[in-house]
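# Secondary and tertiary structure notes
Spelled out, the chains give:
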Amino acid sequence: NGVEASTDISSAVKKIEAHLNGSENMEIGEVETFKEPGVTITEGGTTVKGDVKITYKTEDGKTVTTISDPGHYIATYTITYKDFTKTLTRKIFKK
């Protein structure tokens, strides 16, 4: 007669999440300077530091290093933390 035992480990697994700080759609005034709000990565509800690569592109797909000229831009955030990888995007309109 064997004894069967089970252990619930679901509480031991910490969920990893990433989200944009600020709005998914941003509008910047003509004389305003764009301030990158970044992203937050959490593991089990605790903020952690991961690798975040940010790429800015114009509407026509040209990669730029700053958002200074009027127009529409897309910021792509590639987030890596442990085995977790996620890509988020933000639309930015500069007047």
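The structure under discussion appears in the preceding block.
Residues numbered from 1 in each chain as written. Predicted model: local features only at pLDDT ≥ 70, side-chain atom pairs only at ≥ 80, totals over all residues. Heavy atoms only, no water.

Our focus in this paragraph is the overall build of the chain. Check the secondary structure of the chain and you find 0 helices and 8 strands. Scanning the chain from its N terminus toward the C terminus, one meets helices and strands in the order β-β-β-β-β-β-β-β. Against the 2.2 N^0.38 benchmark of 12 Å for 95 residues, the chain shows a C-alpha radius of gyration of 19 Å, more extended than a compact globule. Projected onto the principal axes, the alpha-carbon positions of the chain cover approximately 75 × 20 × 20 Å. Classification of the 95 residues of the chain by burial places 28% in the buried group. Seen as two clouds, the 13 positive and the 14 negative side-chain charges of the chain have centres 4 Å apart. (Helix = DSSP H or I, 4+ residues; strand = E, 2+ residues; numbered from the N terminus. Rg over C-alpha atoms; globule rule 2.2 N^0.38 Å. Buried < 20%, exposed > 50% of the residue type's maximum accessible area, 1.4 Å probe, protein only. Lys, Arg positive; Asp, Glu negative; His and termini not counted. Charge placed at Lys NZ, Arg CZ, Asp CG, Glu CD.)

A few words on the pairing of strand β7 (residues 71–81). Of the two faces of β7, the one holding G71, Y73, A75, Y77, I79 and Y81 is buried and the one holding H72, I74, T76, T78 and T80 is not buried anywhere. As judged from the 11 bridges shared by β7 and strand β8 (residues 84–94), these two strands associate in the antiparallel manner. Across the sheet, T76 pairs through a bridge with T89, a residue of β8. Where β7 folds back onto β8 in an antiparallel hairpin, the turn is made up of 2 residues, including K82, whose phi is positive at roughly 55°. (Pairing = 2+ DSSP bridges.)

It is worth spelling out the sheet that holds β8 at this point. Reading across the sheet, the 5 strands line up as β2-β8-β7-β5-β6 and stay open at both edges, with mixed pairing between neighbours. The two strands at the open ends of the sheet, each matched to only one other strand, are β2 (25–28) and β6 (63–64).

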